[in-house]
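Structural features, examined
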Amino acid sequence: MKCSQLFCLRANYLLFCLGLLLHCGEAKVHTEVQAGPLYRVVGSLLSISCNVSGFASASITKEIKFLVKKPSKTLELNIISSGDPSFSYSAYKTRVRSNEITLTHVDPNSVVFEIKQLEKDDEGEYECTVVNHESIYDGTYSAKTTVKVIDNSLSVSSPASPTSLSYNEDDALTLTCQASSNTIQHTHLSLAWYLHKDSEDPKPIISLGRDFTLSPGSGFEGRYQAGHIRLDKMGETTYKLNMAQLELSDQGRIYCQTQEWIQDPDQSWYSISQKNAEKTTLNVKAREVLQDTSTLAVRISAQAVTLQEGQELSLSCNVDTQNLKERFFSVAWLRGNVEVVRIGPTGIQAVGPQYSGRVKEGELRAARIGDRDYRLILQAVRTEDQGQYICRAWLQNRGQDGTFTQGAPQDSSSQEISILATESGLSVEMQNTVGVKEGYGLSLTCKVHGVIGQLSVTWQRKLTSTSAAMFTKVISLSQEGVVEKAGEFMSRKVKATRPAADIFILELDEVRSSDAGVYECAVSEWKSNSKTSSHSQTTNLTVAPSESFLKVSLISRQNKVTVGDNLELLCVVKGPRVPITLNWSLKRDASSLDNILTLNYDGAISWFGDQHRYQLKVVNQHNSVFHYLFINGVSHSEVGLYQCRVSVFLDNVLKTLPLSNLVAISVLNPESKLDLDPTRALTRNINTDIEMKCSVKAKTSASTRYAITWLLQQQAESKVIVRSDRDDLVTFGPHVQLSHKQRISLKRTQGPSFELSIRQARISDNGSYVCEVVEWLQGPNGDWYQLSPVSRTTELTVIEPANDLHLEKKEQRLTAREGDEVELECNIISGASSPFFFYKVTWLYIRYGSSVRSALVVLDHTGLLSYPKNQELRGLQGRLHFSRPTQSSFYLGIKSAHEEDNGTYQCQVEQYQLVQLVTGKEGNWQQTASDSAGPISLTVNVAENNLSVEAEELELNRTRSQDFTIPCYITKQSSNESEFQVTWFWQKKSETEQHPIFTTYRNSTLQDRLGKQDKLKFGHPLPKQFSLTVSKINPEDSGLYFCEVEEWLLSLSLGWRKVAVEKSGYLTVNVYEGGLAKAVSEPECKSGTWMGIFIVTIICSVLVIVLLVLKICWRKDSGGNKLGQNLWVEQHPLNTKPIAED
């Protein structure tokens, strides 16, 4: 019962310790903030998440604060706190009160910090810190991230889209949007077209994601999959929306929206800017409702109804019916009753006889341009082409054999066309092809021949030379000299002039790439305010892009500058005078690129951070612009790779040119003029005070600060003794012990001079003392930087006064038995004769297997005996005896030596003398000599191994149910205090495995190892004699039997120890069946049976007599066994159970 209670107490203690270990293994406090740098644009939302973990009280809402350190400031500014309303500094208090800056708890351990509208000055390093209300600090309680605020350079426009459009149902719509961004950061753009109906939220029609993925809007998926809605990217900045078949639900305001995305360090994408283009109002008219499938609706229209002879006539025909896509038609145009041309159901044209020649000359063209749209073009019309035109359509039914059956015709309303005749000999001449560079001026000349009356000119343009492309007006000059610009060119510098009677000139400044195309000079002759004739001529204009001829290069006259000097960088832009935006940037390391400033095309300058030492200068020359960047008083923060980047602002779009070359700028420290005057060499006696000086003879600057380090070099090893930084903060080296710190001091005197003082010098202070001085200078931006160190050396030699102190150096080896008394000797062989010398004696000890040398006992030179505190040596120190039998002998005795006392002992002697420095005053003790004796190795043994067991080999033959005895006799033992543990083993003849049968332990505990207690009898007649008898045997008990003896001794320090193990000889036992044994014995042994019986009887009698005598002697030796019971088998049978060893 007591054992059970003790076991429970131990289990509870183990569980308590395990709980403590688990508690110690809990996670530390960890604060995590969104990784930076985070690039955000001015005016956008800044959101930073912050999370803390590891607090013991996870459910309690934590007080979290946000601070910021700006690039131009050295101190952190308080922004907002979740628990302290008065935490904010005045710079942020107004924005916090107006909720422009907020800090919101997501859960007790997480917050979100937000600035609704970023300002340029919000750039800096933001720190999230949590207030610790617990009793201990363990972990990180703050985290930082960097925020970069950049300008919003995103632009979007729809330059070619009017403010209002009107279309019929099923017509095609095309709109164009231009979007671009001028930033050096790696960003992606996404663009979407939206439809905004009255009293409804805008709905996306189709969008192009930042990863160039097209996605149709809700409700437009079917039309997108059918190919009726497309979004195409044309070039770098142009996005075109195509809607093949307009529906009535498409009516509303259509506009494009673009977003600029940047990838944060955590690999997530963040939208930093969003802008919308101007909206275009779209009106969609419903088509005519037809009564049945056989009814056709036919409409005719003309681009112009009054034409001048030689101009182009364009007639459109629109056919509509139910199930339009499943029907076939024939369409014809008629002038009066004369058919001009017919287009059959399969698209084959049939031209009327009167117009066949016009087709050959290329003056007549007809085509189907849509599901229901057809067009007829007559180019260079004649007066006979005037009249009334109609469009006639027939429904064609297709049979199973593929033949068509024509239905009833359906005519459109008539369209009157007037052609004005001309009788002039007017002709126009232009150069066929003109090339110009983007940004340069364009000048086109149109020369007129055969001028009779007044002339007017209209300059037109179309993007391609295809006949289907339509000309658009650029500018016109009337016969009265009135100039009229087209709406698209109202903001452009375009002129139409007539320097001579027969010459017209078109001038366009700052040509853009979009200005390329076909230009037409259309000259009309007028008479009495009536146009009599018109002639035109075209030319192809090609525009070379700016990146093909604008070159940017960066130059520096000096790549290596000294701190405080001025730096000049020159960015040369070669090419025409076009609006450009210039960006200066600096790459300080391999990952980050920092903007310095941006000079915009409109003259505005954007500075990034604190750039008060930067200046700009721009110089224009004939074909180049020189942009100078001056840095007044460079510092180490200006080291890096500089680069300039140019963007051309043309056609309301910024086009980025290739980056300039990189220019590496290195900032060098000024050459140091520091010179030192040290103490060259010193020789001093032991125990004297020493001063070493290191004076400054010359310095680099009057404002120089110094950092001083004194080092000690001994045996090719150098270690720091003491150092003083530039703020005069003194610290000791990591290897300087406390006792040395109390003797060393450093002070600074006028000069300046730096003095190292060592009090009570020791022999161990010998060496080379190096005075290393570093100059610190302050840079132009207030940062401190250091110059190369200058060092000087002082050789110090500490000597002892002449003496002849010597100790016995002979190395000794001692061996003792545990419990014996040991005496260690330390003798002075010379130098101990003077009565004025006193000695301090220290006995040192190093335990076997350890390298730590510890002091056991110290006899001070004043006669004070002390034992240094050491928990591990407390037992040994309690058994020590210190003696000094003579003036020169110091003995250390160990009472009752233990085995754990093994190790190396050494005596160390220091000689002292009382010196009176000033008469009449108390003297000082000075060490005059010291020496160490040779080491003494002590080995303490428990006992020698002398165990021996009788190893005679025997063989026995037995029959079933007989018994046999296995003897185990110990002939020698290691000690009289030895205790024995004996185990008998059995091995079958056909096997190699040995089975333990029975064990008697040293504490007299018996154990049956095979569970055969009814067959085993244990005997221990004498202290060194053991036996085991096996009874009721059978043939399965045959085999080899032996015993194994373990000798145990009690160690004074280590408890019971097993000192030896020995085995007996083998006893071979053969067990036979009764009849078989007899059959085998009689034929071979019949003659000697009686003789054997007689000899056995004699031997048994002698053994009985011997045993009786030994038993009587044993009782006498033990003083008589007074116990009522014992374990011998003669009186008590065995009743054993497995019992564990002590």
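Residues numbered from 1 in each chain as written. Predicted model: local features only at pLDDT ≥ 70, side-chain atom pairs only at ≥ 80, totals over all residues. Heavy atoms only, no water.

Here we take up the overall build of the protein. Each helix and strand in the protein was counted, giving eight helices and 85 strands. Across the 1142 residues in the protein, those meeting the buried criterion constitute 41%. Residue pairs in contact within the protein that sit at least 24 positions apart in sequence constitute 61% of those at least 6 positions apart. With the model as given, the accessible surface of the protein reaches about 61,600 Å², and the carbon-plus-sulfur share is 50%. (Helix = DSSP H or I, 4+ residues; strand = E, 2+ residues; numbered from the N terminus. Buried < 20%, exposed > 50% of the residue type's maximum accessible area, 1.4 Å probe, protein only. Contact = heavy atoms within 4.5 Å. Areas by Shrake-Rupley, 256 points an atom, 1.4 Å probe, with all protein chains shown as cover.)

The next point concerns the pattern of salt bridges. Counted under the stated rule, the structure contains 35 salt bridges. Of the charged contacts, one joins Arg-557 and Glu-568 as a salt bridge, the two residues approaching to 2.2 Å between their closest N and O atoms. Highlighted residues: Arg-557 in the loop between β42 (551-556) and β43 (560-562) and Glu-568 in strand β44 (residues 567-574), separated in sequence by eleven residues. For Arg-557, a relative accessible area of 65% translates into the label exposed. The class for Glu-568 is partly exposed, based on a relative accessible area of 27%. (Salt bridge = Lys/Arg side-chain N within 4 Å of Asp/Glu carboxyl O.)

In terms of strand pairing, strand β35 (residues 454-462) meets strand β36 (residues 472-477) through five bridges, oriented antiparallel. For Gln-460, the partnering residue across the bridge sits in β36 and is Lys-473. Bridge analysis of β36 against strand β37 (residues 483-485) gives three bridges, and the strand direction is antiparallel. In the sheet register, Ile-475 faces β37, and the bridge partner there is Lys-485. In sequence, β36 turns back onto β37 through a hairpin of five residues, with Gly-481 there showing a positive phi of about 90 degrees. (Pairing = 2+ DSSP bridges.)

This next bit is on the state of the cysteines. Within this structure, the stated rule accounts for eight disulfides. Here Cys-317 is linked by a disulfide to Cys-391, with a sulfur-sulfur distance of 1.7 Å. When the S-S torsion is -80 degrees, as for the bridge of Cys-317 with Cys-391, the disulfide is left-handed. Linking Cys-317 in strand β23 (residues 313-320) with Cys-391 in strand β29 (residues 387-398), this pair joins segments that are 74 residues apart in sequence. Owing to a relative accessible area of 1%, Cys-317 belongs among the buried residues under this scheme. Here Cys-571 connects covalently by a disulfide to Cys-644, the sulfurs 2.1 Å from one another. Taking the sign of the S-S torsion, 75 degrees for the link of Cys-571 and Cys-644, the bridge is right-handed. Within this pair, whereas Cys-571 is found in strand β44, its partner Cys-644 is found in strand β50 (residues 640-650), the two being separated by 73 residues in sequence. When its relative accessible area of 0% is taken as the criterion, Cys-644 is described as buried. (Disulfide = S-S within 2.5 Å.)

This brings us to the sheet that holds strand β48 (residues 614-620). The strand order across the open sheet built from four strands is β42-β44-β49-β48, with neighbouring strands paired in antiparallel fashion. Unpaired on one side and paired on the other, β42 and β48 mark the two borders of the sheet. Each adjacent strand pair in this sheet contributes to an overall mean axis angle of 15 degrees, direction not counted. Taken together, the six bridges between β42 and β44 define a ladder with antiparallel strand orientation. In the sheet register, Lys-551 faces β44, and the bridge partner there is Lys-574. (Axes fitted to C-alpha atoms, helices over the stretch in contact; angles between N-to-C directions.)

Right, let's get into the sheet that holds strand β17 (residues 238-243). Adjacent strands of a sheet pair through backbone hydrogen bonds, lying either parallel or antiparallel. Read across the open sheet, the four strands follow the order β10-β12-β17-β16; overall the sheet is antiparallel. The open sheet is flanked by β10 (154-157) and β16 (229-234), the only strands paired with a single partner. This sheet shows a mean twist of 20 degrees between the axes of neighbouring strands, independent of strand direction. The pairing of β16 with β17 spans six bridges and is classified as antiparallel.

It is worth spelling out the packing of aromatic side chains at this point. The relation between two aromatic rings is expressed through the spacing of the ring centres and the mutual angle of the planes. Scanning the model with the defined rule gives 18 aromatic pairs in all. Look at Phe-66 and Phe-113: their rings are 4.5 Å apart centre to centre, the planes differ by 10 degrees, and that puts the pair in the stacked class. Of the two residues, Phe-66 is situated in strand β4 (residues 64-69) and Phe-113 in strand β7 (residues 110-115); the sequence distance between them amounts to 47 residues. With a centroid separation of 5.1 Å and an interplanar angle of 65 degrees, the aromatic rings of Phe-964 and Tyr-1041 are classed as edge-to-face. Of this pair, Phe-964 sits in strand β77 (residues 964-972) while Tyr-1041 sits in strand β83 (residues 1039-1051), placing them 77 residues apart in sequence. Owing to a relative accessible area of 2%, Phe-964 belongs among the buried residues under this scheme. When its relative accessible area of 2% is taken as the criterion, Tyr-1041 is described as buried. Grouping aromatic residues by their ring pairs yields a cluster made of Trp-984, Phe-998, Phe-1018 and Phe-1026. Stacked on the ring of Tyr-628, the Lys or Arg Lys-617 has its end atom at 5.5 Å from the ring centre. Stacked on the ring of Trp-1056, the Lys or Arg Arg-1002 has its end atom at 4.7 Å from the ring centre. (Phe/Tyr/Trp six-rings, centres within 6.5 Å; stacked < 30°, edge-to-face > 60°. Lys NZ or Arg CZ within 6 Å of the ring centre and 35° of its normal.)

Here the focus is the environment of Ser-948. Within the element layout of this structure, Ser-948 appears in strand β75 (residues 948-949). Between the C-alpha atoms of Ser-948 and Ile-970, which are 22 residues apart in sequence, the distance is 6.0 Å. In this view, Ser-948 contacts Tyr-969, Ile-970, Thr-971 and Lys-972; residues no more than four positions away in its chain are not counted.

Turning next to the environment of Leu-859. Relative to the helices and strands, Leu-859 resides in strand β68 (residues 854-859). Between the alpha carbons of Leu-859 and Trp-843 there is a distance of 8.9 Å; along the sequence they are 16 residues apart. If we skip the residues at most four places from it in the chain, Leu-859 touches Tyr-839, Lys-840, Val-841, Leu-864, Leu-865 and Phe-882.

So, on to the nonpolar core. One finds Leu-554, Leu-569, Trp-584, Ile-596 and Tyr-642 to be the most contacted residues of the largest nonpolar core, which totals 33 residues. Among the secondary structure elements, those contributing two or more residues to this core are β42, β44, β45 (580-587), β46 (594-599), β49 (624-631), β50 and β52 (663-668). When near neighbours in sequence (up to four residues on either side) are disregarded, Ile-596 contacts Trp-584, Ser-585, Leu-586, Ser-606, Trp-607, Phe-608, Gln-611, Tyr-614, Leu-629 and Tyr-642. (Core = buried A, V, L, I, M, F, W, Y, C linked by side-chain atoms within 4.5 Å.)

Attention now moves to helix α2 (residues 90-97). Buried within α2 are the following residues: Tyr-92, Arg-95 and Val-96. Each buried residue of α2 lies within a common arc of 100 degrees when the element is viewed along its axis, so the set occupies one face. Of the exposed residues in α2, those oriented more than 90 degrees away from the buried face are Ser-90, Thr-94 and Arg-97. Elements that come into contact with the buried residues of α2 comprise β4, β5 (77-81), β6 (101-107) and β7. A positive phi of about 65 degrees marks Asn-99, the residue just after α2. (Arc of directions from axis to C-beta.)

In this sheet, strand β14 (residues 203-208) lies alongside strand β13 (residues 187-196) in antiparallel orientation, the contact comprising five bridges. Its bridge partner lying in β14, Trp-193 is registered against Ile-206. Between the end of β13 and the start of β14, which pair antiparallel, lie six residues, with Ser-199 showing a positive phi angle near 60 degrees. Judged from the three bridges that link them, β14 and strand β15 (residues 214-216) form a sheet pairing that is antiparallel. Paired with Leu-208 across the two strands is Leu-214, which belongs to β15. With antiparallel pairing between neighbouring strands as the criterion, β14 and β15 make up a hairpin whose turn holds five residues, including Phe-212 at a positive phi of roughly 65 degrees.

This part covers the side chain of Glu-63. Structurally, Glu-63 is set in the loop between β3 (46-53) and β4. Within the buried set, Glu-63 has no salt-bridge partner at all; the shortest N-O distance to an opposite charge, 4.3 Å, is to Lys-65. Within the structure, Glu-63 has its side chain in polar contact with the side chain of Ser-81 (distance 3.4 Å). Residues in contact with Glu-63, not counting those within four places in the same chain, are Ser-81, Ser-82, Gly-83, Asp-84, Thr-129, Val-130, Val-131 and His-133. (Lys, Arg positive; Asp, Glu negative; His and termini not counted. Polar contact = N/O pair within 3.5 Å; in protein donor to acceptor, adjacent residues only side chain to side chain.)

Further remarks concern the environment of Ala-35. Looking at the element boundaries, Ala-35 is found in the loop between β1 (30-33) and β2 (38-41). Put simply, Ala-35 and Pro-265 are 230 residues apart on the chain and 6.1 Å apart in space, counted from C-alpha to C-alpha. For Ala-35, the contacting residues outside a window of four places in its chain are Thr-145 and Pro-265.

When the pLDDT values of the protein are averaged, the result is 83; 89% of them are 70 or greater. Taken together, the stretch residues 1-9 has pLDDT below 50 and engages in zero contacts with residues farther than four places along the chain or on a different chain. With pLDDT under 50 throughout, residues 1118-1142 is counted as low confidence; its partners more than four residues away or in other chains account for 31 contacts. (pLDDT = per-residue confidence, 0-100.)

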